[in-house]
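Observations on the model geometry
Listed here are the chains, written in short residue letters.
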Amino acid sequence: MDSNYAVAPGEYLQEWLDENETTQQQAADLLGCSRKLVNEIVNGRAPVTPDTATRLQRVTGISADSWLTFEAAYRAALARLHDQETLSEHADKIDPAVAKYLRAHGHTTATRREGGRLVADFLAFHRCGTFEAYTAQYESCTKGDFSLAALKESKKEPHPTAMSTWLRAAELTDSFQTGRALNHDPDQLRALLPALRERCSRPDASMLTDAAARLRGAGVLLLMVEPPDKFPLHGVTRWIDCRVPVIQQTARRGTDGFIVWTLFHEIGHILNDPRGELHLEYSTERKRNSAAEKAANAFAADTLFGPEGLAPFHGLTHDRDIRAAAREVGVSPGVAVLLMRRKRLLPYSHGSKLCVHLHPQYSP
């Protein structure tokens, strides 16, 4: 952990003076310099130069390299403390949930009281040297042409620092790095849809592992990445190097309905939207975003429920009837319950026992 103070090499010199009962004037005489210089070194106002370090070695027996190391460490500490003081001005721009998230994952130990150090660790996590550089890099998260599509919770917007942190967390996983070697084949992905749909109709502990393995065969990476608290996204579609599509999910709510629906919604983006650099389409160009999201929803509904849509579920309220209809359609009851609730065909007080909690493992 970084200390919140800097130790000047003069402190070591003062220790030597005290231990050897030597005055500053006597040291100056031995060093062949003025008493003023010794005093300024002791008080951290004058640097230990290579010439002074060589003289100190002869007088104190402490090597010149050690004196120069003390000096370099002191100057570095002063620069760090100044940097943190400057960075502290940006502390309020970091979502408190992000600070908690970074602490939980070992990327900082700082609290908001240590604003400068918190911002410094936040920037290191994002591999940015200044907050201005971070802002410039992630400004692209608010513009672009469908290259990163997001499925939100209601109308809530994620805090920019929470969004960038969640995205960066995915990039640090082993799965993301190995995913760079994948070769995406859209035709193979389309051909995979029936088998993927069938597997997702049987939600269990291994469903997501099976789905991820099948998607990798089509050059698509499926990642479950833990989000900061109260993060309002279910998932995003992003691209590695504009080549490899990544479906990144939060596993928010944790039930099969949300996870499976998000999966097929994002596959719709992969197959129907252009790829590109990192962007979040939902923040700007609302009309364009609305069309893209509606298209992704239509793709998911058609792929999962077929041309009849929710017609087989109209008027159903009992679990056994919904389960039977879902079996006929070939979807999990949890997905049916999710869509029925969204279309106000089923009260939120009904169907909860049909939803399977998957407890997904987050990507390593």
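This section reports on the structure supplied with the text.

About the cut-offs
- Residues numbered from 1 in each chain as written.
- Predicted model: local features only at pLDDT ≥ 70, side-chain atom pairs only at ≥ 80, totals over all residues.
- Heavy atoms only, no water.
- Helix = DSSP H or I, 4+ residues; strand = E, 2+ residues; numbered from the N terminus.
- Buried < 20%, exposed > 50% of the residue type's maximum accessible area, 1.4 Å probe, protein only.
- Contact = heavy atoms within 4.5 Å.
- Areas by Shrake-Rupley, 256 points an atom, 1.4 Å probe, with all protein chains shown as cover.
- Core = buried A, V, L, I, M, F, W, Y, C linked by side-chain atoms within 4.5 Å.
- Salt bridge = Lys/Arg side-chain N within 4 Å of Asp/Glu carboxyl O.
- Axes fitted to C-alpha atoms, helices over the stretch in contact; angles between N-to-C directions.
- Parallel < 35°, antiparallel > 145°, perpendicular 65-115°, else oblique.
- Nonpolar A, V, L, I, M, F, W, Y, C, P; charged D, E, K, R; others polar.

Another point: the overall build of the chain. The number of helices and strands found in the chain is 16 helices and four strands. Taken across its 364 residues, the chain has 51% of its residues classed as buried. In the chain, the share of contacts with a sequence separation of at least 24, taken over all contacts with a separation of at least 6, comes to 71%. Roughly 18000 Å² of accessible area belongs to the chain as shown, and the carbon and sulfur atoms make up 50% of that amount.

Within the largest apolar cluster, 48 residues are counted, with the highest numbers of intra-cluster contacts made by F264, I267, F305 and F313. Those elements giving two or more residues to this core turn out to be helix 11 (186–200), helix 12 (207–217), strand 2 (221–224), helix 13 (256–272), helix 14 (286–305), helix 15 (319–329) and helix 16 (333–342). Examining the composition of this core, we find that nine residues originate from one element, helix 13, more than from any other. In this structure, V98, F122, M163 and L233 belong to the second largest nonpolar core, which totals 34 residues.

This next bit is on helix 16. Most of helix 16 sits inside the fold, with nine of its ten residues counted as buried. All of the buried residues along helix 16 are P333, G334, V335, A336, V337, L338, L339, M340 and R341. One or two steps after helix 16, the chain reaches R344, where phi turns positive at roughly 60 degrees.

Turning next to the pattern of salt bridges. Following the criterion strictly, the structure yields twelve salt bridges and no others. When the shortest N-O distance is used, the salt bridge between D51 and R55 registers 3.2 Å. Remark: R55 and D51 occur in helix 4 (residues 50–60); sequence separation between them is four residues, near one turn of the helix. Using a relative accessible area of 29% as the deciding quantity, one classes R55 as partly exposed.

What follows covers the packing of helix 13 against helix 16. Two elements in contact, helix 13 and helix 16, have axes whose closest approach is 7 Å; the angle formed by their N-to-C orientations is 85 degrees. The pairing of helix 13 with helix 16 is recorded here as roughly perpendicular in orientation. Counting all contacts with helix 13, which are made through D256, G257, F258, V260 and W261, the residues of helix 16 involved are G334, V335, L338, L339 and R342. The residue makeup of the contact of helix 13 with helix 16, split by class, is six nonpolar, two polar and two charged.

By themselves, these observations are geometric and do not establish any function.
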